[in-house]
Amino acid sequence: MTSKPVPVTILTGFLGSGKTTLLARLLKTWMFGRAAVIINEFGEVGLDHDLVESGNENILELSNGCLCCRAQSDLSKTLANLLAKRNAGEIDFERIVIETSGLVDPVPVLQMIATDRAINERCAVDRVITTVDAVNISRTVDQYGEARSQIAFADLLLLTKTDLVAASDVDAVKRRLAGLNEFATVTIAADWDGSWAGHQSTASEKSKLTAFETEAGHDHRFTSISILRDRPLSATAVLLFLEGLVAHEGDKLLRVKGLVQLAEDPERPMVLHCVQQMIHQPVWLDTWPSDDKRTRIVLIGHGLSERWPSLLLDALEDEIAELMRERQSSERVLPTPRAGAA
Amino acid sequence: MTQRSVIDAFAKLRPLLDESLRNWAVDGVVEKDASSSDAIVVRANNGTQLAIRRAPEDDRPARWSVSVREKDGRCSEFMSTSILGLMMEVRMMLDAMPAQVRPLRIGSASARQ
């Protein structure tokens, strides 16, 4: 008897477009609740698996590489390993979700699953979901072939951050997306409940793959820089750091994300999200996702200086510490008000 | 301002300026001022020279004082209240500003909906 192939959902979208946020939400729905998840991140320090907060033990991380370039090896091995463990009864899942890094061209990933016999006999891609940042889409699509490819291969395009743009801008984004992929369903991410009702599948769209594959390609200008700090940072230093980073490296910067240990509240990590020049209102987690309470900040861009961001943060930390010391010493020398003094 | 804190401040500022010159594609060097231990000098190959010192405490909130000799020989001086302000002024003096300085925008909504 041939068992039914495990459905694989590819979750893609450019840097900072909300993939991890969406994934965290999806894993709480009935359809994705029993999914095994493979998370691919660009950069040496992986953060997304810490941000998903699902309680799902079947989350695997493929860090420090572009999945599209390593698809034939790492992803193939990871999928084969997952399926073998499932067969052996060691883990259980009904679906696999592959969250790609924001810089991945999905074509090689789709190709690998479609052509690797050891994989395609046991699983099949059912949907490609692409998150689209309504704020930055125009610039991103103009500049990055990966972003165009992610949109062109989507079955479902989920618009994020629509609350940050005018309704007329959302309509303009939809028109732009229709120009890149007229077959995909376009939905506001916040309105999507995780069901497939009304959304077409990849199976009917395989012809797109061959039509587009020669055009798509991965751009290797991207760099990722990781900043680790053992000591808590002051909130002021973090804000000034972002300001300086955007002012001096703004043209090269695509994404900043991080888990930050703030001196003001060290037991609650601050989740930092910055996309191009916009910092999103930070979120505080109730607890650290693991015993590792170090600050981890990842910067992704093209042509970013490797040392400059870290040196800037060091200098700002020192400056803030000096200001604090001066303030404390000036408070010490202030005369105590006398009781009853006017 | 103690001698110790001046040394500490320069220990962090000098590599930052060094890297900044590279980052801004400015040909030049960052070095200790030969004539005074309380300054570092940025010497651009186009002739601009900046001497950066800690501002005297009487000048608070200014924290940095910069003497500039521009490529046409004109001299000027400015004060800065922070490292970020100092970096921006230095970059401007070195004619290395980007075509557009992008301000940090703060989104009104959280990225985690």
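Residues numbered from 1 in each chain as written. Chains lettered and ligands numbered in written order. Predicted model: local features only at pLDDT ≥ 70, side-chain atom pairs only at ≥ 80, totals over all residues.

Let us look at the overall build of chain B. Scanning chain B for helices and strands turns up two helices and six strands. Mapped from its N terminus to its C terminus, chain B presents α and β elements in the order α-β-β-β-β-β-α-β. Within the span of chain B, comprising 113 residues, buried residues form 22% of the whole. Put simply, 26% of the contacts in chain B that link residues at least 6 apart link residues at least 24 apart. (Helix = DSSP H or I, 4+ residues; strand = E, 2+ residues; numbered from the N terminus. Buried ≥ 20, exposed ≤ 12 C-beta atoms within 10 Å, placed from the backbone. Contact = placed C-beta atoms within 7 Å.)

For chain A, the helix and strand inventory stands at eleven helices and 13 strands. For chain A, with 342 residues in total, the buried portion stands at 46%. The long-range fraction of contacts in chain A, counting pairs at least 24 apart against all pairs at least 6 apart in sequence, stands at 78%.

This part covers the confidence of the model for chain B. The share of residues in chain B with pLDDT of 70 or more is 81%, and the mean pLDDT across the chain is 83. Taken together, the chains of this predicted complex give a pTM of 0.68 and an interface ipTM of 0.88. (pLDDT = per-residue confidence, 0-100.)

The residue A:E94 is located in the loop between α3 (67-87) and β4 (95-99) in this model. Sequence separation of A:E94 and A:G33 is 61 residues, and the distance between their C-alpha atoms is 8.9 Å.

Residue and element names in this part refer to chain A. Counting residues in each nonpolar core, the largest one holds 102 residues, and the members touching the most others are I96, L157, F241 and L316. Among the elements that take part in this core, helix α10 (residues 235-249) stands out by supplying seven residues, more than any other. Not counting residues up to four positions away in its chain, the partners in contact with L157 are T130, V132, I151, L177, N181, A184 and V186. (Core = buried A, V, L, I, M, F, W, Y, C linked by C-beta atoms within 7 Å.)

Turning our eyes to something else, we now look at the pairing of strand β4 (residues 64-69) of chain B. Across a regular strand the side chains alternate sides, sitting on one face of the sheet and then on the other. Residue and element names in this part refer to chain B. Relative to β4, strand β3 (residues 49-54) is paired through six bridges, and the arrangement is antiparallel. Each bridged residue has a counterpart across the sheet, and for L50 the counterpart in β4 is V68. Note: β4 against strand β5 (residues 75-80), six bridges, orientation antiparallel. The residue of β5 that forms the bridge with R69 is C75. (Pairing = 2+ DSSP bridges.)

Moving on, we get to the environment of A:A235. All names here are of chain A. Inspection of the secondary structure puts A235 in helix α10. Each C-alpha atom of the pair A235 and E317 lies 9.9 Å from the other, and the pair is 82 residues apart in sequence. Once residues lying within four places of it in the same chain are set aside, the contact partners of A235 are L262 and E264.

Time to look at α10(A). Taking 1.5 Å as the rise per residue, α10(A) with 15 residues should run 21 Å; its terminal C-alpha atoms sit 21 Å apart, in good agreement. Along α10(A), the residues classified as buried are A:A237, A:V238, A:L240, A:F241, A:L242, A:G244, A:L245, A:V246, A:H248 and A:E249. (Expected span 1.5 Å × (residues − 1).)

On to the sheet that holds β3(B), then. Residues and elements named next belong to chain B. The five strands lie next to each other as β1-β2-β3-β4-β5, forming an open sheet whose pairing is antiparallel. Two strands lie at the open edges of the sheet, namely β1 (28-32) and β5, each paired on one side alone. Strand-to-strand twist across the sheet, computed as the mean angle between neighbouring axes with direction ignored, equals 20°. Note that strand β2 (residues 39-44) and β3 share five bridges and pair antiparallel. Across the sheet, residue V41 finds its bridge partner in β3, namely A51. Against the sheet, helix α2 (residues 83-93) engages β2, β3, β4 and β5, with an angle of about 160° to β5. (Axes fitted to C-alpha atoms, helices over the stretch in contact; angles between N-to-C directions.)

On to the packing of α10(A) against α2(B), then. Close contact between α10(A) and α2(B) brings their axes to 10 Å; oriented N to C, the two are set at 10°. With respect to α2(B), the element α10(A) is oriented roughly parallel. Mapping the contact onto sequence places A:L240, A:E243, A:G244, A:A247 and A:H248 in α10(A) and B:L84, B:M87 and B:M88 in α2(B). Tallied by class, residues from the contact of α10(A) with α2(B) come to five nonpolar, two polar and one charged. (Parallel < 35°, antiparallel > 145°, perpendicular 65-115°, else oblique. Nonpolar A, V, L, I, M, F, W, Y, C, P; charged D, E, K, R; others polar.)

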